[in-house]
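# What the coordinates show
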Amino acid sequence: MERKKIKRALVSVYHKDKLDVIIKTLYAEGVEFISTGGTQSFIESLDIPCSAVEDLTGYPSILGGRVKTLHPKVFGGILSRRDLEQDNAQLAEYEIPEIDLVIVDLYPFEATVAAGADEPTTIEKIDIGGISLIRAAAKNYRDVVIVASQDQYEALLDLINANGAQTNIEERRWFAKEAFAVSSHYDSAIFNYFDGEEKSAFRMSENNPKVLRYGENPHQRGVYFGKFDEMFEQVQGKEISYNNLLDIDAAVNLINDFEDITFAILKHNNACGIASRPVLVDAWLDALAGDPVSAFGGVLITNAIIDKATALEMNKIFFEVVIAPDYDLDAIEILSQKKNRIILILKNAKLKTQQFRTLLNGVLMQDKDTHTETVEDMKVETQKTPTEQEIEDLIFANKIVKHTKSNAIVLAKNKQLCASGVGQTSRVDALVHAIEKAESFKFDLQGAVMASDAFFPFPDCVQIAAEAGITSVIQPGGSINDSKSIETCNEKGLSMVTTGFRHFKH
């Protein structure tokens, strides 16, 4: 495969870290340099000659640096087709030198927005010359190499070290693909800044692809796009799977709603055990008691540092993933005895505030359900008022049902999940399933509370709950039959509160 020599490079970058090695290596291969401002000074500080763009164009940098490289003598040298006689003739006529390599990066627009800068400062970080150089060089990849980010420095350096300052068409096309990824991501960020909350178009861009072993099932391909390492430190364990990631996401969303020391066990994105206790080992034991069968192979999460006592108890069962803000050293020694076990430290629990999914021939998007009800959201609808303990349990149960697949019913007592009915087509079925499950694990439901993710269309759920010993209910309200459910509560001696917030989850 034909290789083309790099004879001249245009270098104009905002970030100069690790640039020196590339410049020195290219110079050793006989490459000439053209540059601007600070980059030119940087290259010259390495005792390497560098021509100024101003000397090439005959124009200085103007408008406060907004216009530096936007000139035919720059873009002509990049866009000229080397195998086209007409292009070569025009280069000669206008004394335009060929540019075979462009190394450029972009002003840090996203970082400026994230830092909370005012609009004038943010607008000045919209790159014009850099993005134009990227697109021009990438378009002409048949003749030009484009390096559009520090992320491609290593690839360029490996290429030069292996083959000298020359490239083939496949290598140049790869760099062009990477360059268009940079430019499209950059433009998406700018659009989303201007679009704000209007949602006039869907533009979502994520980098850092991680190819997974497979998708939801072995015959499906799976890729994760995101910076997992910014949120987690993986202490040990096997490669994280697609299904692991779904459970990890569900676990973090769930635990974020709890302030008390809490331990949760999840299977298929739903909590099968969860408890809040003053002592972590007690939280673990009571979470496990909620469903010790489903806990097998589950994903575990807590909002407290895991100590030795808790680790010893956890180590008695098989689980795939454990997540905590940190671990005592002796706890790590115990938990790491199973080498495939995934041990994660949650460094940053900040999650995205919007959700989207492909659907039909488009994309469905919504704000994330971030509302967590408090006592202030509760309206007592019945003659009986919940006790202080019942109120604590209602809040606890309502947090769980918010993160449980609909139709969902959660039964809880003393800040412990007794059972839940998950993903049923009928709310009655969800309740019956929850009661049967709680009784199978020997829970005494007398004095327990019930949370529902949506209103009761009929009073039958309240009737069944009362017969099981449940004494207090929390639900959104809003049914035309609310009065009948309230009447049944009064007849059976139950208290009921409504919140006005439904928590469907599909």
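See the structure shown above.
The notes below deal with the structure included here.

In this section: unusual backbone geometry. Omega for the peptide link from serine 406 to asparagine 407 comes to -10 degrees, which places this bond in the cis form. Tracing the chain through its elements places asparagine 407 in the loop between helix H16 (388-402) and strand E19 (409-412). For histidine 268, which is not a glycine, the phi torsion comes out positive at approximately 50 degrees. One can find histidine 268 in the loop between strand E11 (262-267) and strand E12 (270-276). A positive phi angle, close to 65 degrees, is found at lysine 442, a residue other than glycine.

What follows is about the side chain of aspartate 482. With respect to the helices, strands and loops of the structure, aspartate 482 is situated in helix H19 (residues 482-492). One buried charged residue, aspartate 482, remains without a salt bridge, the closest side chain of opposite sign being lysine 379 at 8.6 Å. Once residues lying within four places of it in the same chain are set aside, the contact partners of aspartate 482 are Gln475 and Gly477.

With that settled, the discussion passes to a negative patch on the surface. Where like charges cluster on the molecular surface, the negative patch consists of Glu233, Asp326, Asp328, Asp330 and Glu333. Locating aspartate 326 in the fold gives a position in the loop between strand E14 (319-324) and helix H15 (329-335). Relative accessible area serves as the criterion here: at 34%, aspartate 326 is assigned to the partly exposed category.

With that out of the way, let us pick up the side chain of serine 479. Tracing the backbone shows serine 479 in the loop between strand E22 (472-475) and H19. Once you skip the residues sitting within four places of it in the chain, serine 479 turns out to touch Phe455, Phe456 and Pro457.

This part covers the sheet that holds strand E3 (residues 32-35). Taken in spatial order, the 5 strands make up an open sheet running E4-E3-E2-E5-E6, and their pairing is parallel. Sheet topology places strand E4 (51-52) and strand E6 (145-147) at the edges, where each strand pairs with a single neighbour. In this sheet, E3 lies alongside strand E2 (residues 8-12) in parallel orientation, the contact comprising 4 bridges. Opposite arginine 8, over in E3, you have glutamate 32 as the bridge partner.

The β-α-β motif built from E2, the intervening helix H1 (residues 19-28) and the parallel element E3 has right-handed crossover chirality. Crossover handedness for the path E3 to helix H2 (residues 37-45) to E4: right-handed.

Turning our attention to the pattern of salt bridges. Two side chains with opposite charge may pair up if their charged atoms get near one another. If you walk through the whole model with that rule in mind, you get 18 salt bridges. The partner of aspartate 143 in a salt bridge is lysine 4, and the shortest N-O contact between them spans 2.3 Å. On the criterion of sequence distance, the pair formed by aspartate 143 in the loop between helix H8 (129-139) and E6 and lysine 4 in strand E1 (residues 3-5) is long-range, its members being 139 residues apart. By relative accessible area, lysine 4 is classed as partly exposed at 24%. Note that aspartate 291 and lysine 437 form a salt bridge whose closest N and O atoms lie 2.6 Å from each other. Placement of the pair is aspartate 291 in the loop between helix H13 (280-289) and strand E13 (298-302) and lysine 437 in helix H17 (residues 427-440), with a sequence separation of 146 residues. Of the residues examined, aspartate 291 reaches a relative accessible area of 2% and is grouped as buried. Residues joined by salt bridges that share partners form a network here, namely Arg82, Glu98 and Asp100.

Parameters and conventions
Residues numbered from 1 in each chain as written. Predicted model: local features only at pLDDT ≥ 70, side-chain atom pairs only at ≥ 80, totals over all residues. Heavy atoms only, no water. Helix = DSSP H or I, 4+ residues; strand = E, 2+ residues; numbered from the N terminus. Buried < 20%, exposed > 50% of the residue type's maximum accessible area, 1.4 Å probe, protein only. Lys, Arg positive; Asp, Glu negative; His and termini not counted. Salt bridge = Lys/Arg side-chain N within 4 Å of Asp/Glu carboxyl O. Contact = heavy atoms within 4.5 Å. Patch = residues over 30% accessible without salt bridge, like charges linked within 9 Å, V, L, I, M, F, W, Y side chains within 5 Å. Areas by Shrake-Rupley, 256 points an atom, 1.4 Å probe, with all protein chains shown as cover. Charge placed at Lys NZ, Arg CZ, Asp CG, Glu CD. Pairing = 2+ DSSP bridges. Right-handed = clockwise from strand over helix to strand, strands pointing away.

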